[in-house]
Amino acid sequence: MWGPEGLDEVEAELLGPPEELKGKDVLEIGAGAAQCSRWLAAQGARPVALDISHRQLQHALRIGGGFPLVCADAGALPFADASFDLACSAYGALPFVADPRLVLRELHRVLRPGGRFVFSVTHPIRWAFPDEPGPEGLSVAASYFDRTPYVEQDEQGRAVYVEHHRTIGDRVRDIATSGFRLVDLVEPEWPAWNTSEWGGWSPLRGNLIPGSAIFVCERD
């Protein structure tokens, strides 16, 4: 799944037709418990799941999958140049770094010529709205152009969660200046079958404003 709307890669084929994934070397960054890597492995691909969180990778290890798990910073990938055919990230890594170009340049380095990187993030327009699933989440409450990061702190004042806002224009420029070509930008519509509410996600909001943005990039 690329996001809470429920867009499935089997349907979307943003990485390519599933039957063509067999034998491909694929890097998943911000993998969490490696759900995407397990699906890729089931298609015959050779995934590597990378996350900076050791605890998340422990979950992935317990679930299993038979592919490598790597604990590392997405802005300093521990791989040789041109190591992968594809890369992907579903709501991982990029929103949580102050300068996503560091990650994009590293991905450009480790992808082979013609390689594709697909990543999904919360749609930037959501930054302007309260994170509420009901009617109170439908009125603009902040500036879309305010790039002040969202930060949660513990009792000692240490940041325990940080998320950075980039506008659509920022994302496009980051992609282009990192050497990629943007070949598609997918804004999934909320499907009729999805009646779930989770955090600020709901059918009410999903039918009116986009929730996810999926960027499809290629290394020429």
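See the structure above.
Quick caveat: nothing in here was measured; it's all calculated off a predicted structure.

Trainee: Help me understand the overall build of the chain in this model?
Mentor: Regarding its fold elements, the chain presents six helices and nine strands. With the principal axes as the frame, the chain shows a C-alpha extent of 45 × 45 × 40 Å. With 220 residues in all, the chain has 46% of them scored as buried. Taken as a whole, the chain presents about 10900 Å² of accessible surface, with 53% of it coming from carbon and sulfur.

Trainee: Could you clarify how one ought to interpret the layout of surface pockets in this entry?
Mentor: Gaps between atoms show up when a probe of the same size as a water molecule is rolled over them. Of the volumes computed, that of the largest pocket is approximately 1200 Å³. Every residue lining the largest pocket is counted, 43 residues in all, and those nearest its centre are Pro4, Tyr91, Thr122, Trp198 and Trp201. Take the lining of the largest pocket: its biggest share by element is four residues, from helix α2 (residues 35–42). Considering only residue class, the lining of the largest pocket consists of 23 nonpolar, 11 polar and nine charged. Put simply, the second largest pocket is a space of about 480 Å³. Among the elements of the structure, β2 (46–51) and β7 (159–163) are those that each provide at least two residues to the lining of the second largest pocket. Tallying contributions element by element places β7 first for the lining of the second largest pocket, with four residues. A per-class count over the lining of the second largest pocket returns 12 nonpolar, five polar and two charged.

Trainee: When you look at the environment of alanine 213 in this model, what are you seeing that I'm missing?
Mentor: Along the chain, alanine 213 turns up in strand β9 (residues 212–218). Taking the C-alpha atoms as reference, alanine 213 lies 9.7 Å from tyrosine 91; in sequence the two are 122 residues apart. Among all residues touching alanine 213, those that are not within four sequence positions of it are Phe119, Ser120, Val121, Thr122, His123, Pro124, Leu185 and Val186.

Trainee: It is not clear to me how the sheet that holds strand β1 (residues 25–29) should be interpreted in this structure. Could you clarify?
Mentor: The strands making up a sheet are joined through hydrogen bonds of the backbone, oriented either antiparallel or parallel. Reading across from one edge, β3-β2-β1-β4-β5-β9-β8 is the order of the seven strands in this open sheet, with mixed pairing throughout. Each edge of the open sheet carries a strand with a single partner, namely β3 (69–71) and β8 (181–186). Strand-to-strand twist in this sheet, taken as the mean axis angle between neighbours without regard to direction, amounts to 20°. Pairing of strand β4 (residues 84–90) with strand β5 (residues 111–122) involves six bridges; the strand directions are parallel. Paired with phenylalanine 84 across the two strands is leucine 111, which belongs to β5. Sitting on the sheet, α2 touches β1, β2 and β4, and the angle it makes with β2 is about 175°.

About the thresholds
- Per chain, residues are indexed from 1 in the order of the written sequence.
- Per-residue local features of the predicted model are confined to residues with pLDDT of at least 70, and side-chain atom pairs are confined, for both listing and counting, to 80 or more; whole-chain, interface and lining totals are unaffected and use all residues.
- Each side-chain value is worked out from all heavy atoms of the structure, with water and hydrogens disregarded.
- By the criteria applied, helices consist of DSSP H or I runs no shorter than four residues and strands consist of E runs no shorter than two, each listed in order from the N terminus.
- When accessible area is computed with a 1.4 Å probe and restricted to protein chains, residues below 20% of their type maximum are described as buried, those above 50% as exposed, and intermediate ones as partly exposed.
- Per-residue accessibility takes into account occlusion by the displayed protein chains alone, with areas from the Shrake-Rupley method and a 1.4 Å probe.
- Residues are called lining when one of their atoms sits within 4 Å of a cavity or pocket point, these points coming from a 1 Å grid over the protein atoms alone, where a cavity is a set in which a 1.4 Å probe fits but cannot get out and a pocket is an open set with protein on both sides within 12 Å along at least five of seven lines.
- Grid points are joined across faces, edges and corners, and a volume is the space filled by probe spheres set on the points.
- Amino acids are sorted into nonpolar (Ala, Val, Leu, Ile, Met, Phe, Trp, Tyr, Cys and Pro), charged (Asp, Glu, Lys and Arg) and polar (every other residue, Gly among them).
- Here, two residues are considered to be in contact whenever any of their heavy atoms come within 4.5 Å of each other.
- At least two DSSP bridges between two strands are needed for those strands to be called paired.
- Throughout, an axis means a line fitted to C-alpha atoms (over the contacting stretch in the case of helices), and angles, computed between N-to-C directions, take values from 0 to 180 degrees.

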